[in-house]
Amino acid sequence: MTTDLVVVGCGGHGREVLGIVRAITAAGHGPGFRVLGFVDDAPAEPNLKLVHALDLPYLGPVEELRQAPPGTAVALGIGDPRVRRAVAARVDAYGLPAPVLVHPDATVGPDTVAGDGLVVFAGARVTTNVRLGRHVHLNQNCTVGHDSVLADCVSVNPLAAISGACVLETGVLVGTTAAVLQGLRVGRDATVGAGACVVRDVPAGAVVKGVPAR
């Protein structure tokens, strides 16, 4: 039995999430999904054309989910952690489930604790005793080391490396190829710039970049 699913976000990140959903279904992992289409409050015309090229409809703004039948799954294809958190709150109010989506080419340790709406992209590696909050996105080929904790709506961008025993608080964004060294904490809504190397704790709301990150 398949589960009906709607993707939120017509942009590139949303279409990448669709690719994960389709890969899961094609691999026969679980019952699979029947994707109904995309919702987006302000889709750009080029993105609408790309959605249609994937043989899926644009269903309207996010508010359309209010009318979805109970049990319709929702996958948030939104790259920005703060926007994703706001949309997640709206979807929660509609009472719709957010499934955990793990690409068949990703590796997630069997003792990982995963929150609703976790999305793990192809090539991502999560090792052991890792706790991942709701709507965490682990992008292509990133790594998360042992005993780390990633709170709700964290984004780890492609090729970034989170070392062991790190704590990333709610809404953190770790940029492409960045690294967070062992045992460090990155505060709520902080941003680690692309290519940065974090060697000390990062306060909430800060933007750090460079090697070492400042």
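Residues numbered from 1 in each chain as written. Predicted model: local features only at pLDDT ≥ 70, side-chain atom pairs only at ≥ 80, totals over all residues. Heavy atoms only, no water.

Chemist: Requested: an account of the overall build of the chain, with residues and values cited.
Modeler: Secondary structure assignment for the chain yields three helices and 22 strands. For 214 residues, the compact-globule formula gives about 17 Å, and the C-alpha radius of gyration of the chain, at 17 Å, lands near that figure. Considering only C-alpha atoms, the chain reaches an extent of 45 × 35 × 30 Å along its principal axes. Out of the 214 residues in the chain, the part that is buried amounts to 48%. Carbon and sulfur atoms make up 56% of the accessible area of the chain, which totals about 9,200 Å². The distance from the centre of the 17 positive side-chain charges to the centre of the 18 negative ones in the chain is 6 Å. (Helix = DSSP H or I, 4+ residues; strand = E, 2+ residues; numbered from the N terminus. Rg over C-alpha atoms; globule rule 2.2 N^0.38 Å. Buried < 20%, exposed > 50% of the residue type's maximum accessible area, 1.4 Å probe, protein only. Areas by Shrake-Rupley, 256 points an atom, 1.4 Å probe, with all protein chains shown as cover. Lys, Arg positive; Asp, Glu negative; His and termini not counted. Charge placed at Lys NZ, Arg CZ, Asp CG, Glu CD.)

Chemist: Break down the nonpolar core for me, citing the residues and quoting the values.
Modeler: With 32 residues, the main nonpolar core has Leu138, Leu150, Val156 and Leu168 as its most contacted residues. In this structure, Leu150 is in contact with Arg131, Leu132, Gly133, Val136, Leu138, Val144, Val156 and Leu168, ignoring residues within four places of it in sequence. In this structure, Ile24, Leu48, Leu56 and Phe121 belong to the second largest nonpolar core, which totals 19 residues. (Core = buried A, V, L, I, M, F, W, Y, C linked by side-chain atoms within 4.5 Å. Contact = heavy atoms within 4.5 Å.)

Chemist: I'd like a rundown of the sheet that holds strand 20 (residues 191–192), residues and numbers included.
Modeler: On the basis of which strands lie adjacent, the open sheet formed by seven strands has the order 5-8-11-14-17-20-22 and parallel pairing. Taken across any chain shown, the strands that pair with only one partner, and hence form the sheet edges, are strand 5 (101–102) and strand 22 (207–208). (Pairing = 2+ DSSP bridges.)

Chemist: Now, about the pairing of strand 4 (residues 73–76): what can you tell me, with residues and values included?
Modeler: Burial along strand 4 is two-sided: the residues Ala73 and Ala75 and Val74 and Leu76 are all buried. Note: strand 1 (residues 3–8) against strand 4, four bridges, orientation parallel. Paired with Val7 across the two strands is Ala75, which belongs to strand 4.

Chemist: Explain the sheet that holds strand 18 (residues 179–180) residue by residue, including any values.
Modeler: A sheet is described by the order of its strands in space; here six strands give the open sequence 6-9-12-15-18-21, paired in parallel fashion. Single-partner strands in this sheet number two, and they are strand 6 (107–108) and strand 21 (197–198). The pairing of strand 12 (residues 143–144) with strand 15 (residues 161–162) spans two bridges and is classified as parallel. Bridging from a neighbouring strand, Thr143 pairs with Ala161 of strand 15.

Chemist: Outline unusual backbone geometry, listing residues and values.
Modeler: Note that the residue after Val211, namely Pro212, is joined by a cis bond; omega there is -5 degrees. Positive phi values are uncommon outside glycine, yet His135 reaches one of about 60 degrees. When you line up the elements, His135 lands in the loop between strand 10 (131–132) and strand 11 (137–138). Positive phi is not limited to glycine here, since Asn141 has a value of about 65 degrees. Of the residues examined, Asn141 reaches a relative accessible area of 42% and is grouped as partly exposed.

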